[in-house]
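Examining the three-dimensional arrangement
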Amino acid sequence: MSEQPEPSAGDQVMIVGPDGKPVGTVRMPGETAAEEPDEGRENISGAVEEPAKVMRIGTMIKQLLEEVRATELDDASRRRLKEIHASSLAELESALSPELREELARIIAPFDGEDTPTDGELRIAQAQLVGWLEGLFHGIQTALVAQQMAARVQLEQMRRGLPASGGAAAGGAGTGGTTGQYL
C-alpha cells in the first residue's frame, strides 16, 4: 500500500460530489505564503456582518413577494411597498460587507423619483431581491460546507499524526489505535 502525501497548509483539497464529479476546492487552513491571489474566487467568510438580520429581512421580503402576487394593489399599497423596498435595501446594506453592498447596488436599483411603481414593477423588484438573497444564502451554505470539509481533513490529519504507540503507552497495549482521549 503506497503512502499518499499529507496535505499541508496552503494546499488545495478537491471536494467530490456523490456522483464522483468535482464540485469545488478548499484551501487547507494555516499559514500560507503570498503565493497567488485567489482570482475569481469569492471569500464568503465575513461577507455578512449580521447574518440574523439578513435572514429576517430575506424572510420578510419573500413573504411580501407572495402577498404582492396574491393581491391587486391600490395606489397607496404600491407607494407603501415602494417605501418598504427602499428601507429593506438600506437595512440589508447595513448588514453586508462593502463588496456585497456594491454588488447589491449594481444589481438592484431603488425605484426612481416620486412616481408610484406598477404592480408588475413591484413584483419584478421583489423577485429580483429575493433571488439575490437566495443566491447569497446558497453561497454561504457552500462556504460552510467547504469549511466543514477542510475541518474534517484537518482532523483526519491530526489523527494520523498521533503516534501509533500512543494507545499502548496509555494502557491500551496491543490495540495500536487511539482511544479518542485526545479529542
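The structure presented is a predicted model; accordingly, all values stated were derived computationally and were not measured. Here the residue index of a chain counts from 1 through its sequence in written order. Local features in a predicted model are, by the rule used here, given only for residues with pLDDT of at least 70; side-chain atom pairs are given and counted only at 80 or more, and totals for whole chains, interfaces and linings are based on all residues. Excluding hydrogens and water, the side-chain values take into account all heavy atoms of the structure.

Another point: the packing of helix α3 (residues 98–107) against helix α4 (residues 119–161). What counts as an axis is a line fitted to C-alpha atoms, over the stretch in contact for a helix, and the angles between N-to-C directions run from 0 to 180 degrees. Secondary structure elements are defined from DSSP: runs of H or I of at least 4 residues count as helices, runs of E of at least 2 residues count as strands, and each element is numbered from the N terminus. Taken N-terminus to C-terminus, the directions of α3 and α4 make an angle of 150°; their axes are 11 Å apart at the nearest point. Between α3 and α4, the angle is such that the two are roughly antiparallel. Handedness of the crossing formed by α3 with α4: right-handed. Each of L100, E103, L104 and I107 in α3 lies in contact with α4, whose residues at this interface are Q128, L129, W132 and L136. For this classification, under 35 degrees means roughly parallel, over 145 means roughly antiparallel, 65 to 115 means roughly perpendicular, and everything else is oblique. Working rule for handedness: look at the near helix, and if it is turned counterclockwise from the far one by less than a right angle, call the crossing left-handed; if clockwise, right-handed. Whether two residues are in contact is decided by their heavy atoms: any pair within 4.5 Å suffices.

Interhelical geometry of helix α1 (residues 51–70) versus helix α2 (residues 75–94) gives an angle of 160° and a closest axis separation of 10 Å. Judged by the inter-axis angle, α1 sits roughly antiparallel to α2. Handedness of the crossing formed by α1 with α2: left-handed. Contacts between α1 and α2 pair K53, V54, I57, M60, I61, L64 and V68 from the former with L81, I84, S88, E91, L92 and S94 from the latter. Residues were grouped as follows: Ala, Val, Leu, Ile, Met, Phe, Trp, Tyr, Cys and Pro as nonpolar; Asp, Glu, Lys and Arg as charged; and all remaining residues, including Gly, as polar. Classifying every residue of the contact of α1 with α2 by side-chain character gives nine nonpolar, two polar and two charged.

On average, residues of the protein chain carry a pLDDT of 74, and 63% of them reach 70 or more. Residue-level confidence of the predictor is summarised by pLDDT, bounded by 0 at the bottom and 100 at the top. Here residues 28–42 is a poorly scored stretch, pLDDT under 50, and it has 22 contacts once near neighbours within four places are set aside; other chains count.

Definition used for salt bridges: Asp or Glu carboxyl oxygen within 4 Å of a side-chain nitrogen of Lys or Arg. Throughout the structure, instances matching the rule amount to eight salt bridges. Its salt-bridge partner being E83, residue R80 comes within 3.3 Å of it at the nearest N-O pair. Of the two residues, R80 and E83 are both situated in helix α2; the distance of three residues between them amounts to about one turn of the helix. Owing to a relative accessible area of 47%, R80 belongs among the partly exposed residues under this scheme. On the basis of relative accessible area, E83 is assigned to the partly exposed category, the value being 47%. In this structure, E156 and R159 form a salt bridge, with 4.0 Å as the shortest nitrogen-oxygen distance. Of this pair, E156 and R159 are both found in helix α4, three residues apart, which corresponds to roughly one turn of the helix. Think of it in three bands: residues with accessible area under 20% of the maximum for their type are buried, residues over 50% are exposed, and the middle band is partly exposed, with areas taken using a 1.4 Å probe on protein chains only. E156 gets classed as partly exposed once you look at its relative accessible area, which sits at 31%. What makes R159 partly exposed here is its relative accessible area of 41%. Counted as one network, the salt bridges with shared partners bring together D75, R78, R79 and D119.

As a further point, take the environment of L122. Secondary-structure assignment places L122 in helix α4. The exposure class of L122 is buried, given its relative accessible area of 1%. With residues near it in sequence (within four places) discarded, L122 still touches L73, R78, L81, K82, F111 and P117.

For a helix, the expected span equals 1.5 Å multiplied by the residue count minus one. Over its 20 residues, α1 extends 29 Å from the first C-alpha to the last, a length consistent with the 28 Å expected when each residue adds 1.5 Å. Of all the residues in α1, the buried ones are K53, V54, I57, G58, I61, L64, L65 and V68. The buried residues of α1 all sit within an arc of 130° when viewed along its axis, so they share a single face. Of the residues in α1, the exposed ones pointing more than 90 degrees away from the buried face are R56, T59 and A70. Looking at the buried positions of α1, the neighbouring elements they touch are α2 and α4. Starting at the helix axis, one direction is taken to each C-beta atom, and the arc is that of these directions.

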